[in-house]
Amino acid sequence: MNNPSTSPTTAASTPSQSTDVVIVGAGIVGLAHAAHAVANGLTVTIIERDHHAAGASVRNFGHCCITAQSGELYELAQTSRKYWLEFAEQAGFWAAEAGAVVLARTDAEMAVLRELSSVREPGQVELLSPSGTRELLGAGSSAPSAESHDGGWPGLVGGAFLRDDLRVDPRTTVATLAEWLSQQSGVELHWNTAALGFSQSPDGVSVQTSRGELRAKQVFVCVGHDVDYLFPDLAAEHQIQRCALQMSLAAKPAGVEFAPAVLTATSMLRYPAFTDMPAAAALRAEVQENQPELLEIGANVMFTQRPDGTVILGDSHHYHLTADPFLDEAVTETLNTEIAARIGEPLEIVQRWQGIYASSEVAPILVRDVQPGVTVVSVTSGVGMTLSFGLAHRNVSRLS
Ligand SMILES: Cc1cc2nc3c(=O)[nH]c(=O)nc-3n(C[C@H](O)[C@H](O)[C@H](O)COP(=O)(O)OP(=O)(O)OC[C@H]3O[C@@H](n4cnc5c(N)ncnc54)[C@H](O)[C@@H]3O)c2cc1C
């Protein structure tokens with residue numbers, strides 16, 4: 001089996017060239033910038049400190065949460081959607097126009113969905129009956145079982161289908177995109193190569209790396225939550241924290257197959273399109289009254305099914321400058337019990353992990369020219385998959 005961490009090609013590769021663009025970080029944000037730069041005919045060098053990308057971009061749900069954004073983020077997300085689909089086609093990774101389903105179990109939850117539906121274009125947020133919700137989740141034709149009483153996905157009063165959301169597979173997307181990029185003319189990708197610092201050079205920017213110097217006209221520093229390692233003052237000014245999330249993977253539950261991402265009440269307390277709705281305040285009060293344990297762990301109870309049938313479960317949110325590595329079993333248990341109740345099936349947990357993303361109270365994205373030709377780009381709000389290609393399109397377009 002090919003273990004990327006011992007691949008001889010990574011160890012032998014020594015950057016030495018000058019290119020139009022250097023990208024630091026081969027997560028989705030860095031690779032999206034590389035993809036747009038290549039599409040614009042620019043030569044690109046990508047450096048990644050690890051032997052393969054293992055950051056936030058491989059630890060998430062693979063949910064491009066387009067519909068639930070608002071304002072500037074909504075515009076970026078819609079642009080991103082277009083390019084997610086285009087680059088999936090070109091690079092050969094899986095991206096499905098599967099949408100998302102929001103489960104509603106109370107009238108307060110349904111009220112938020114109704115309000116959002118009323119302010120969006122027809123069809124974008126489609127209100128669903130309980131049977132319509134179950135049908136979209138692949139349980140429409142199943143007869144009610146004795147266990148679940150109503151044919152799986154129990155206890156629904158309704159739901160909503162978010163038409164524009166996309167699904168990708170976080171475990172394979174970044175690796176496939178990186179491989180495709182490395183095969184494009186004018187692109188070099190160097191694993192196991194860390195950026196250490198940046199200075200001006202006569203023809204642009206000099207990047208000091210753990211394998212020597214690189215030169216470029218423009219550098220995009222896309223290091224996710226690790227901005228503070230390279231630019232501590234900028235990280236402090238933008239109040240970047242590490243948001244640590246507890247996640248699990250369940251084996252494919254027997255007979256359960258659903259394509260959309262599945263969101264619940266706590267999702268409606270986190271994403272801006274929902275929280276902008278007047279009915280969100282009553283929903284928050286209801287969750288606080290009935291399930292305060294979910295708010296205590298900053299839960300966004302949601303789940304997605306990967307192409308192999310396994311189900312990604314999450315998540316909790318805890319904020320630190322440096323995240324402790326220890327997973328709290330009670331937090332995982334709270335999330336997974338809630339999700340099993342939503343699906344109406346027991347879940348066999350096969351993996352647990354911690355994800356970390358950059359978070360800031362100041363603004364949901366950070367794009368800052370820190371010196372001529374060096375731009376730091378970090379999504380500081382937990383929707384970096386959603387925004388990646390849109391943000392990269394905007395940043396790379398500025399170069400021409
Ligand atoms: C559990 C979890 C669930 C999430 N769910 C979703 C979701 O459903 N939808 C969504 O839109 N977003 C989601 N997010 C957020 C999303 O995953 C992130 O916003 C996004 O992946 C950030 O991408 P990135 O490329 O900036 O960071 P990363 O993927 O972390 O990549 C940064 C890369 O930079 C490299 N690097 C760092 N320093 C250096 C250096 N000095 N030199 C070279 N390389 C360096 C790192 O090794 C890393 O590979 C989730 C995040 C988590 C953790």
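Quick caveat: nothing in here was measured; it's all calculated off a predicted structure. (Residues numbered from 1 in each chain as written. Predicted model: local features only at pLDDT ≥ 70, side-chain atom pairs only at ≥ 80, totals over all residues. Heavy atoms only, no water.)

1. Comments concerning the site of the ligand
Turning to step 1, where the next piece is worked out: Lining the immediate surroundings of the ligand are 33 residues, of which Glu48, Ser57, His63, Ala195 and Thr386 lie closest.
Turning to step 2, where the next piece is worked out: One of the side-chain N or O atoms of Asn60 is found 3.0 Å from an oxygen atom in the ligand.
Turning to step 3, where the next piece is worked out: Burial of the ligand by the protein chains amounts to 97% of its free accessible area of 1,000 Å².
Turning to step 4, where the next piece is worked out: Within the residue set of the shell around the ligand, elements represented by two or more residues are helix H2 (28–39), helix H3 (56–59), strand E13 (241–250), strand E18 (349–359) and helix H14 (384–397).
Turning to step 5, where the next piece is worked out: Per-class residue counts for the shell around the ligand are 17 nonpolar, 12 polar and four charged.
Turning to step 6, where the next piece is worked out: Viewed by domain, the shell around the ligand spans two of them, domain 1 (15–61 + 172–232 + 364–397) and domain 2 (98–166 + 241–359), each represented by three or more residues. (Near = heavy atom within 4 Å. Polar contact = N/O pair within 3.5 Å; in protein donor to acceptor, adjacent residues only side chain to side chain. Areas by Shrake-Rupley, 256 points an atom, 1.4 Å probe, with all protein chains shown as cover. Helix = DSSP H or I, 4+ residues; strand = E, 2+ residues; numbered from the N terminus. Nonpolar A, V, L, I, M, F, W, Y, C, P; charged D, E, K, R; others polar. Domains from an automatic or database assignment.)

2. Concerning H2
Turning to step 1, where the next piece is worked out: With 12 residues, H2 extends 16 Å between its outermost C-alpha atoms, agreeing within 8% with the 16 Å of an ideal straight helix rising 1.5 Å per residue.
Turning to step 2, where the next piece is worked out: Among the 12 residues that make up H2, 11 are buried, leaving the element largely enclosed by the rest of the structure.
Turning to step 3, where the next piece is worked out: Among all positions of H2, only Ile28, Val29, Gly30, Leu31, Ala32, His33, Ala34, Ala35, His36, Ala37 and Val38 are buried.
Turning to step 4, where the next piece is worked out: Within two residues after H2, Gly41 carries a phi angle of roughly 80 degrees, on the positive side. (Expected span 1.5 Å × (residues − 1). Buried < 20%, exposed > 50% of the residue type's maximum accessible area, 1.4 Å probe, protein only.)

3. Focus: the packing of helix H4 (residues 71–91) against H14
Packed helix pairs are characterised by how far apart their axes lie and by the angle those axes make with each other.
Turning to step 1, where the next piece is worked out: H14 packs onto H4 with a crossing angle of 90 degrees between their chain directions and a minimal axis gap of 6 Å. Considered as vectors, H4 and H14 are oriented roughly perpendicular to each other. Contact residues: H4 offers Glu72, Leu73, Leu76, Ala77, Thr79, Ser80, Tyr83, Trp84 and Phe87, while H14 offers Met385, Thr386, Leu387, Ser388, Phe389, Gly390, Leu391, His393 and Arg394.
Turning to step 2, where the next piece is worked out: Class assignment of the residues belonging to the contact of H4 with H14 gives a composition of 10 nonpolar, six polar and two charged. (Axes fitted to C-alpha atoms, helices over the stretch in contact; angles between N-to-C directions. Parallel < 35°, antiparallel > 145°, perpendicular 65-115°, else oblique. Contact = heavy atoms within 4.5 Å.)

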